[in-house]
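# Survey of secondary and tertiary structure
Next come the chains, spelled out residue by residue.
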Amino acid sequence: MKEKIVDYIESNRDRFLEELFGLLQIPSISARSEHKEDMYKTAEYLKKSLLDAGADSAEVMPTDGHPVVYGEKIIDPSKPTVMVYGHYDVQPVEPLDLWKSEPFKPEIRDGKIWARGADDDKGQLYMHVKAFEFLVSEGELPCNVKFMIEGEEEVGSPNLGKFCKENKEKLKSDIILVSDTTMIGQDAPSITTGLRGLSYMEVEVTGPNRDLHSGLYGGAVANPINMLAKMIASLTDENNRITIPGFYDDVIEVSKEEREEMAKAPFDVEKYKKEIDIDEVVGEKGFSTIERTGIRPSLDVNGIWGGYTGEGAKTVLPSKAYAKISMRLVPNQKSEKIDKLFINHFESIAPPGVRVKARKLHGGEGYVSPTDQPAYRAASKAYEEAFGIKPIPFRSGGSIPIIPLFEEVLGVKSILMGFGLESDAIHSPNENYPLWNFFKGIETIPLFYKHYSEMAK
Ligand code: BES
Ligand code: MN
Ligand code: MN
């Protein structure tokens, strides 16, 4: 089958890219209400893509938020069903001035596609549409296929759980296939076996009832920004461990054997540092970099604001200060429990002279995708055939909170075949996706279908 796919890609290369560029041109930023129409446009574009690729049916299904695109091809109800999940929404593009080319005018430079969503997740999800097209057009589709593509992943999938509950029958499948993660490298294919959970907070610190003159009042009134900075600093200790009482209670300590296994991953810390231009890696004492993101929780300030940030100087003691703080969790930590621990702790450490409020923005659980399931073995064979290298299991630091929810609501496990690279700059300016990865993904996916259908029989 492999030669056939390679030929098919070769003869359709330019059209595939043209179609992907059409998708990348629509600014489907889910967080911004001014893009509501663009969300529908993107969903319609994908519906047409699915029909053109050979789906029996496809529809744009409304939710209380942005719509879901659903499509399917059922060849034989007695055969296994693979459901592809992806998301067509993207992250905001700011800061715009750091982009070398415009985020919604995709361009090819240095063998890479440059655009917001080039990797996360339009590029990765479109590989699935084209792999499906190949299987249908060559009469090689070995199983039933369903597509569920949402438009709210980047804002925490607030409506997809309900959508799944309401469409349980329609979404019945044997495995959920997802390309929305990374692999270790082009010469080190890997299968994502873990995702971290997330607990995302916004905090507000209030001091005096108005901004004050910092000369008339400075030194005599608690400054909310100074206080917020102290509070944040106290959330981690000198070993970079999180100080919130009870935070680590449910963390499963990974066995020595498993840690030794993890250490075999071809991870080059020097290359990692160079890529992001830092002198030193910093994290929880006693753990390596891949352990710090793969099997340990973390706490980060995502944004902090208040007071005067405009041009020049304004002498002001602000009335308010804010921060957005996220905690990445490991499997078995429950995000709702962590939300409560955080809120209680943060409010309890409010220094005299200010009032502190913390509230949850979104969150979800971590996930472990087992290596002893047929889908893992099928994926492993597919990578080995396409790359000529056996893939290694690897736990990612990122989160896709809807994946554990699929298991909870639909009772279906997910297999995470990510083709992105850490250097793709997802969520950052100059997001990109190497053409090599895009086409390699299209080559690998049909092989997964083939092996999975044989194994799941
Ligand atoms: N595709 C990413 C998650 C990801 C990327 C996982 C790379 C593993 C490797 C997804 O679109 C994402 O950005 N998720 C958010 C969480 C969401 C609730 C906003 C994240 O991880 O920050
Ligand atoms: Mn994504
Ligand atoms: Mn993302």
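Residues numbered from 1 in each chain as written. Chains lettered and ligands numbered in written order. Predicted model: local features only at pLDDT ≥ 70, side-chain atom pairs only at ≥ 80, totals over all residues. Heavy atoms only, no water.

### A short note on the pairing of strand 6 (residues 144-150)
The test is simple: Relative accessibility thresholds used throughout: buried, under 20% of the residue-type maximum; exposed, over 50%; partly exposed, between the two (1.4 Å probe, protein chains only). Here a strand is any run of E in DSSP of at least two residues, a helix any run of H or I of at least four, and the numbering for each starts at the N terminus. A pair of strands is labelled paired if DSSP reports no fewer than 2 bridges between them.
In terms of burial, strand 6 is largely enclosed, as seven of its seven residues are buried. Neither face of strand 6 is exposed, since Asn144, Lys146, Met148 and Glu150 on one face and Val145, Phe147 and Ile149 on the opposite face are all buried. Across five bridges, the pairing between strand 2 (residues 68-73) and strand 6 is antiparallel. Within strand 6, the residue paired with Tyr70 across the bridge is Met148. In the sheet, strand 3 (residues 81-87) pairs with strand 6 via seven bridges, with the strands oriented parallel. Residue Gly86 lies in a different strand from strand 6, and its bridge partner there is Ile149.

### Quick notes on the site of ligand 1
What counts here: Near is defined per residue: the residue qualifies when any heavy atom it owns lies within 4 Å of the molecule or strand. Here a polar contact is taken to be a pair of N or O atoms separated by no more than 3.5 Å, where protein atoms must pair a possible hydrogen donor with a possible acceptor and residues adjacent in sequence count only if both atoms sit in side chains. Only the protein chains shown count as cover for residues, and the accessible areas themselves come from Shrake-Rupley with a 1.4 Å probe. Domain borders in the structure are assigned automatically or taken from a domain database.
Taken together, 19 residues sit near ligand 1, with Glu153, Asp180, Arg328, Ser399 and His427 positioned nearest. The backbone of Ser399 places a nitrogen or oxygen atom 2.9 Å from a nitrogen atom of ligand 1. Take His427: an N or O atom from its side chain is 2.8 Å from an oxygen atom of ligand 1. Here ligand 1 loses 90% of its free accessible area of 520 Å² to cover by the protein chains. Taken domain by domain, the shell around ligand 1 gets at least three of its residues from each of domain 1 (2-195 + 366-455) and domain 2 (197-256 + 295-364).

### Some words on the coordination of the manganese ion (ligand 3)
How we decide: Coordination here is defined by N, O and S atoms within 2.8 Å of the metal (3.2 Å for Na, K and Ca), and since water is not considered, a site can look incomplete. Here the metal geometry follows the donor angles, with tetrahedral for four donors whose angles all fall between 85 and 135 degrees, square planar for four and octahedral for six when opposite donors are more than 155 degrees apart and every other angle is between 65 and 115, and irregular for all the rest.
Around the manganese ion (ligand 3), the protein contributes the donor atoms Asp120 (OD), Glu154 (OE), Glu154 (OE) and His427 (NE2), which lie 2.0 to 2.5 Å from the metal centre. The coordination sphere of the manganese ion (ligand 3) comprises six donor atoms, whose angles at the metal cover 56 to 155°; the geometry is irregular. Between consecutive donors of the manganese ion (ligand 3), the numbers of intervening residues give the motif D-x33-E-x272-H. If you look at the manganese ion (ligand 3) and the manganese ion (ligand 2), they sit 3.5 Å from each other and are both ligated by Asp120. On the criterion of sequence distance, the pair formed by Glu154 in the loop between strand 6 and helix 4 (160-166) and His427 in the loop between strand 17 (414-416) and strand 18 (432-434) is long-range, its members being 273 residues apart.

### Examining the sheet that holds strand 9 (residues 197-206)
Basically, it comes down to this: Under this scheme, a helix contributes an axis fitted over its contacting stretch, all axes are lines through C-alpha atoms, and angles between N-to-C directions fall in the 0 to 180 degree range. Residue contacts are counted whenever heavy atoms from the two residues lie within 4.5 Å of one another.
Here we have four strands laid out as an open sheet, ordered 11-13-9-14, and antiparallel in their pairing. Two strands in the sheet have a free side with no partner beyond their single neighbour: strand 11 (298-306) and strand 14 (355-364). Shown here is a sheet whose adjacent strand axes are inclined to one another by a mean of 20°, direction ignored. Packed on one face of the sheet, helix 9 (residues 335-348) meets strand 9, strand 13 (320-329) and strand 14 and runs near 165° to strand 14.

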